[in-house]
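Read off the chains here:
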Amino acid sequence: MQTSLRGIANKAAINKTYRFQNLYSLLTFGFLLTCWQFINKKAVSGVDRINATEYALNLNNNVLQLEDSVKGGWYRAKLVLRKYIPKLNGKLRPLGIPAIADKLLQMAVAKLLEAIYEQDFLPCSYGYRPGTGAHKAVKDLSATLRTGRYAAVVEADIKGFFDHTRLLNMLMRRIDDKPLLKLIRRWLKAGILDTTGHVLHPLSGTPQGGIISPILANVYLHYALDMWFEEMVKRHCQGNATLYRYADDFVCCFERVDDAQRFYEVLPKRLAKFGLEVAAVKTQLLQFHRGSKLRFCFLGFEFYWGRNRFGRTVLKRRTDRKKYRSAIANFKAWCQENRSLHKPALFNKLNQKLKGY
């Protein structure tokens with residue numbers, strides 16, 4: 001961690017109400033050049049058709065021009081190129097691809113925000129944070145359920161778009177730097193070049209696919225869900241309650257079923273205050289005590305109670321069947337496409353083995 005980022009992190013940890021100023025002045029040539037190492041060099045290019053390899057050919061001059069545009073006040077975010085990728089249910093997920101210069105600047109701002117908010121984020125937040133991730137969330141959730149103390153589980157998925165004004169107001173709790181907030185607002189309002197050729201102007205949500213999006217989403221849900229659960233929900237529960245959230249997907253464990261029922265009923269009202277709602281198909285309340293036959297999925301794993309080889313009831317988990325079948329289907333399609341390139345006999349043998357899945 002750079003000295004400036006370490007100083008920001010220390011200040012944020014010591015004073016939880018401190019509002020940072022002059023963060024915009026840290027977007028210097030040296031800091032931008034340091035952030036270049038974190039850019040995915042294999043990502044596709046944006047609307048300017050310049051990829052990381054081409055940008056790196058004249059890296060110093062390109063970064064200097066970017067710094068001059070930021071300091072001079074004439075920086076403007078380019079259109080975000082929209083692509084669609086298939087989902088497991090057959091639908092398409094929109095993905096935004098910023099220009100390479102915008103990616104670099106977003107990375108720098110994300111590092112500044114990360115230094116501040118990593119001191120505020122709660123342990124229940126696992127998504128897109130350093131030192132943690134999906135595997136740790138699954139491991140911690142398994143350890144909690146394995147104790148057998150919890151009788152009910154609320155599995156939920158959030159849908160909806162973040163309100164720009166409310167998000168900026170959340171950032172203002174910790175940031176008193178108008179130029180930096182203006183820069184973030186430009187990314188939120190940046191036009192999207194759709195595959196049809198039309199330019200869309202979003203009124204809500206974060207720039208999907210943008211490097212700045214995960215930290216902004218975590219800030220939004222930190223105030224909308226995490227702090228509310230920690231300060232209000234736990235206080236009104238008669239038993240223990242825990243939250244495990246990865247991005248917009250989360251699971252809550254409750255020691256008492258009545259606590260889980262109250263939370264399940266009030267959750268949509270709480271999220272509605274922030275322009276969000278729960279996905280009805282992916283949200284459920286279930287009694288998940290030892291011996292229960294019910295199952296739920298979280299981060300690609302299916303959790304259920306079963307018996308080990310000694311006949312004892314234990315918590316088990318396996319790969320989500322939908323994701324597993326999708327992976328098998330993708331692999332079979334890959335075999336079909338590549339069987340004639342190298343070792344066709346090997347690919348034919350693999351296809352024969354996969355016919356049963």
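Residues numbered from 1 in each chain as written. Predicted model: local features only at pLDDT ≥ 70, side-chain atom pairs only at ≥ 80, totals over all residues. Heavy atoms only, no water.

J.: Before we move on, can you summarise unusual backbone geometry with the specific residues and values?
T.: In the Ramachandran plot, R49 falls in the positive-phi region, its phi being about 60° despite a non-glycine side chain. Even without glycine at this site, A247 takes up a positive phi of about 60°. Within the secondary structure, A247 sits in the loop between strand 6 (241-246) and strand 7 (249-254). Its relative accessible area of 18% is what places A247 among the buried residues. (Helix = DSSP H or I, 4+ residues; strand = E, 2+ residues; numbered from the N terminus. Buried < 20%, exposed > 50% of the residue type's maximum accessible area, 1.4 Å probe, protein only.)

J.: Would you mind going over the sheet that holds strand 11 (residues 301-307) in detail, with residue names and values included?
T.: With respect to topology, three strands assemble into an open sheet ordered 10-11-12, the strand pairing being antiparallel. The open sheet has two edge strands, strand 10 (296-298) and strand 12 (313-319), and neither has a second partner. Geometrically, the sheet is characterised by an average inter-axis angle of 40° between neighbouring strands, direction not taken into account. Of the strand pairs in this sheet, strand 10 and strand 11 are connected by three bridges, and their pairing is antiparallel. (Pairing = 2+ DSSP bridges. Axes fitted to C-alpha atoms, helices over the stretch in contact; angles between N-to-C directions.)

J.: Give a description of the sheet that holds strand 4 (residues 192-193) that names residues and reports values.
T.: Reading across the sheet, the four strands line up as 2-1-4-5 and stay open at both edges, with mixed pairing between neighbours. Every interior strand has two partners, whereas the edge strands, strand 2 (92-97) and strand 5 (199-200), have only one. The sheet contact formed by strand 4 and strand 5 spans two bridges and is antiparallel. Across the sheet, L193 pairs through a bridge with V199, a residue of strand 5.

J.: Summarise the packing of helix 9 (residues 213-236) against helix 10 (residues 257-272); cite the residues concerned and give the values.
T.: At their nearest, the axes of helix 9 and helix 10 sit 12 Å apart, and the two run at 145° to each other. Our pair here, helix 9 against helix 10, has a crossing hand that is right-handed. Seen from helix 9, the contacting residues are Y223, A224, L225, W228, F229, V233 and H236; seen from helix 10, they are D259, R262, F263, V266, L267 and R270. Looking at the contact of helix 9 with helix 10 residue by residue, the class counts come to nine nonpolar, one polar and three charged. (Left-handed = near helix turned anticlockwise from the far one by under 90°. Contact = heavy atoms within 4.5 Å. Nonpolar A, V, L, I, M, F, W, Y, C, P; charged D, E, K, R; others polar.)

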